[in-house]
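Survey of secondary and tertiary structure
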Amino acid sequence: MTGIATAFRALAATAAALLAVTVTAPVARAEPEPRAPGEFVSLRSVDPTIIQEMRYPTAHDFMGEPVDGYRQSLCILTRPAAEALHRAQLRLLRQGYSLKVYDCYRPQRAVDHFVRWAKDLDDETMKGEFYPRVDKTRLFADGYIAEKSGHSRGSTVDLTLVRLPALPTRPYRPGERLVPCYAPKGERFPDNSVDMGTGFDCFDTLSHTDDPRVRGVQRANRQFLKRTLTEAGFVNLAEEWWHYTFQPETFPDTYFDFPVARRSVAGH
């Protein structure tokens, strides 16, 4: 009995020690998500008429999956950039057009996701649509993917023009047959925008705004968009007809990482 009693006392002491550790150990707490500075707003709060077809919360992008950091289908921008889009939209509405945004503020974690995907040379799920003529080993060297993006500073937007009244764009169906992004408009993935000669995020030199092979109505549409946004204070990236940055940028040297979510700009 003495041995059993001794064993029970030892077990009790061990249990008490474990309980003490459990009680005194610090409780692990999740770090709160970063929120946007007050200079950021939801575009819809500034101009609800601008069409939003945010691609990166969906599987219809060059990776074929939703992108890290996009919690909701929402365009977030610095207020000066959003107000400049509003001014451009007012002019376009009088001419029977609307802006449509594909991407706005982009968190750094999304850019990091792009980089990881680009380094995985075996993943070419969406090559047939978004980069049919580009070897994936060339994505960094050719400038299609980079470790930093101006979108993360909050004043850059990817967008196009839609002739009103706007028809809905059908949802992308994962696994559907892919058509090159530079195919004729009637053959590539349907988009309710005007014909710009390529689809959005087309990794091809035909996406260069002033590529001489793009002529006629397609060239006129690109120049119409460029002229309208230039007058509103935006600067086009020559390699992408859809990419514009408002100048001067509110945050020219800061790359943010708060998620794309209503909570990030609540109360702004």
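Numbering of residues starts from 1 in every chain and runs along the sequence as written. For a predicted model such as this one, the threshold for reporting local features is a pLDDT of at least 70, and the threshold for listing and counting side-chain atom pairs is 80 or more; totals across whole chains, interfaces and linings nevertheless cover every residue. Side-chain numbers come from the whole structure's heavy atoms, not from hydrogens or water.

**A look at the layout of surface pockets**
This is how it is decided: Here the term cavity refers to a set of points on a 1 Å grid, laid over the protein atoms alone, in which a 1.4 Å probe fits but cannot get out; the term pocket refers to an open set having protein on both sides within 12 Å along at least five of seven lines, with lining residues being those that place an atom within 4 Å of a point. Grid points are joined across faces, edges and corners, and a volume is the space filled by probe spheres set on the points. By definition, any uninterrupted DSSP run of H or I lasting at least four residues is a helix, any uninterrupted run of E lasting at least two residues is a strand, and each is numbered from the N terminus. Note on residue classes: Ala, Val, Leu, Ile, Met, Phe, Trp, Tyr, Cys and Pro are nonpolar, Asp, Glu, Lys and Arg are charged, and everything else, Gly too, is polar.
For the largest pocket, the calculated volume is near 530 Å³. At the level of secondary structure, the elements contributing two or more residues to the lining of the largest pocket comprise helix 4 (108-119), strand 5 (156-163) and strand 7 (243-246). Of the residues that constitute the lining of the largest pocket, the class distribution is eleven nonpolar, nine polar and nine charged. In this model, the second largest pocket occupies a volume close to 160 Å³. Taken together, Glu-53, Met-54, Arg-55, Thr-58, Ala-59, His-60, Thr-169, Arg-170, Pro-171, Tyr-172 and Phe-189 make up the full set of residues lining the second largest pocket. When its residues are assigned to classes, the lining of the second largest pocket shows five nonpolar, three polar and three charged.

**As for the pattern of salt bridges**
Formally: Salt bridges are counted wherever a side-chain nitrogen of Lys or Arg sits within 4 Å of a carboxyl oxygen of Asp or Glu. Accessible area is worked out with a 1.4 Å probe on protein chains only. A residue is then buried under 20% of its type maximum, exposed over 50%, and partly exposed in between.
Tallied over the full model, the rule gives 19 salt bridges. Between Arg-71 and Glu-33 there is a salt bridge whose closest N-O contact spans 2.4 Å. Taken together, the positions of Arg-71 in the loop between strand 2 (51-52) and strand 3 (76-78) and Glu-33 in the loop between helix 1 (2-24) and strand 1 (40-42) put the pair 38 residues apart, joining distant regions of the chain. Arg-71 sits in the partly exposed class, given a relative accessible area of 47%. Taking the shortest distance from any N to any O, the salt bridge between Arg-109 and Asp-257 comes out at 3.2 Å. Taken together, the positions of Arg-109 in helix 4 and Asp-257 in the segment after strand 7 put the pair 148 residues apart, joining distant regions of the chain. Residues participating in the shared-partner salt-bridge network are Glu-33, Arg-71, Arg-109 and Asp-257.

**Looking at the packing of aromatic side chains**
Let me state the cut-off plainly: Between 30 and 60 degrees the pair is tilted, below 30 it is stacked and above 60 it is edge-to-face, where a pair is any two Phe, Tyr or Trp rings, Trp via its six-membered ring, whose centres lie within 6.5 Å.
The tally for this structure, following the rule as stated, stands at 23 aromatic pairs. Judged by centre distance (5.8 Å) and plane angle (70°), the ring pair of Phe-40 and Tyr-105 falls under edge-to-face. One end of the pair, Phe-40, is in strand 1; the other, Tyr-105, is in the loop between strand 4 (97-103) and helix 4, and 65 residues separate them in sequence. Judged by its relative accessible area of 0%, Phe-40 is buried. Judged by centre distance (5.7 Å) and plane angle (10°), the rings of Phe-40 and Phe-251 are stacked. Here Phe-40 is found in strand 1, whereas its partner Phe-251 is found in the segment after strand 7, with 211 residues between them in sequence. Within the aromatic cluster, the residues linked to one another by ring pairs are Tyr-56, Phe-62, Tyr-70, Tyr-102, Phe-114, Trp-117, Tyr-131, Tyr-144, Phe-200, Phe-203, Trp-241 and Trp-242.

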